[in-house]
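# Summary of the model geometry
Here's the letter readout for the chains.
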Amino acid sequence: MAIELKKSNIAGTLSLTPLIDVVFLLLIFFLVTSEFEDEERQLDIVLPSATSAVPMTSKPREIVVDIDEEGKIYLHGEETPLAEFETLLEEAVASNPTNQTVVIRADQMSSFQPVVSVMDVCNRTGVSDYSVTTQDLPGG
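Fair warning: this is a prediction, and the values are worked out from it, not measured in the lab.

About the thresholds
- Residues numbered from 1 in each chain as written.
- Predicted model: local features only at pLDDT ≥ 70, side-chain atom pairs only at ≥ 80, totals over all residues.
- Heavy atoms only, no water.
- Phe/Tyr/Trp six-rings, centres within 6.5 Å; stacked < 30°, edge-to-face > 60°.
- Buried < 20%, exposed > 50% of the residue type's maximum accessible area, 1.4 Å probe, protein only.
- Helix = DSSP H or I, 4+ residues; strand = E, 2+ residues; numbered from the N terminus.
- Pairing = 2+ DSSP bridges.
- Axes fitted to C-alpha atoms, helices over the stretch in contact; angles between N-to-C directions.
- Left-handed = near helix turned anticlockwise from the far one by under 90°.
- Contact = heavy atoms within 4.5 Å.
- Nonpolar A, V, L, I, M, F, W, Y, C, P; charged D, E, K, R; others polar.
- Core = buried A, V, L, I, M, F, W, Y, C linked by side-chain atoms within 4.5 Å.

On inspection of all chains with the given rule, the structure shows 1 aromatic pair. Arranged with centres 5.4 Å apart and planes meeting at 70 degrees, the rings of Phe29 and Phe30 form a pair that is edge-to-face. The class for Phe30 is exposed, based on a relative accessible area of 52%.

Below you can see the structure in the form of structure tokens.
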């Protein structure tokens with residue numbers, strides 16, 4: 001006696017529309033929540049050279065400080081006094097005490113004193129993860 005099995009049509013009627021909707025929602029979510037860091041690199045700075053420079057990769061919570069050739073400090077493309085920078089850095093450390101990083105981009109023609117002042121503010125506010133950005137020498 002043979003038993004006849006009926007095949008289900010569920011696989012034939014599987015709709016991909018909800019899956020596509022979810023993918024589009026995720027795409028929109030990531031586009032809206034991502035940070036674009038062009039504003040921190042608006043200032044035209046000629047970086048000093050180093051033979052062992054590595055490409056700068058952005059960390060999620062890093063603060064980029066620009067120092068022009070006159071020694072002025074810029075944060076988010078706007079000139080910022082050192083005292084105001086210290087206040088802003090204290091607030092950033094309060095909201096992110098373990099992972100706060102600072103990237104210092106100083107023009108090669110600037111004096112070293114503003115760089116040291118920014119490093120000193122980092123040390124006073126508890127930021128130990130700060131770095132000075134350089135550019136790679138060709139052939140180096």
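Having put the structure on the table, let's press on.
Attention now moves to the pairing of strand β2 (residues 62-67). Across the 6 residues that make up β2, a large majority, 6, are buried. Of the pairings in the sheet, the one linking β2 to strand β5 (residues 101-106) comprises 6 bridges and is parallel in character. Looking across to β5, one finds that Ile63 is bridged to Val102. Bridge analysis of β2 against strand β3 (residues 73-75) gives 3 bridges, and the strand direction is antiparallel. Residue pairing across strands places Asp66 opposite Tyr74, the latter belonging to β3. Hairpin remark: β2 followed by β3, antiparallel, with 5 residues in the connecting loop; positive phi at Gly71, about 90 degrees.

Before going further, it helps to spend a moment on the packing of helix α2 (residues 82-95) against helix α3 (residues 113-125). For the pair α2 and α3, the least separation of the axes is 10 Å and the interaxial angle reads 35 degrees. Between α2 and α3 the crossing geometry is right-handed. Between α2 and α3, the residues in contact are Leu82, Phe85, Glu86, Leu89, Glu90 and Val93 and Ser117, Val118, Val121, Cys122, Arg124 and Thr125, respectively. A class-by-class count of the residues in the contact of α2 with α3 yields 7 nonpolar, 2 polar and 3 charged.

Val65, Leu89, Val102 and Val118 are the most contacted members of the largest nonpolar core, which totals 18 residues. For this core, the secondary-structure elements that each account for two or more residues are β2, β3, α2, β5 and α3. In terms of residues, this core owes the most to one element, α3, which gives 5 residues. The contacts of Val118, once residues within four sequence positions are left out, are Val65, Ile67, Ile73, Leu82, Phe85 and Ile104.

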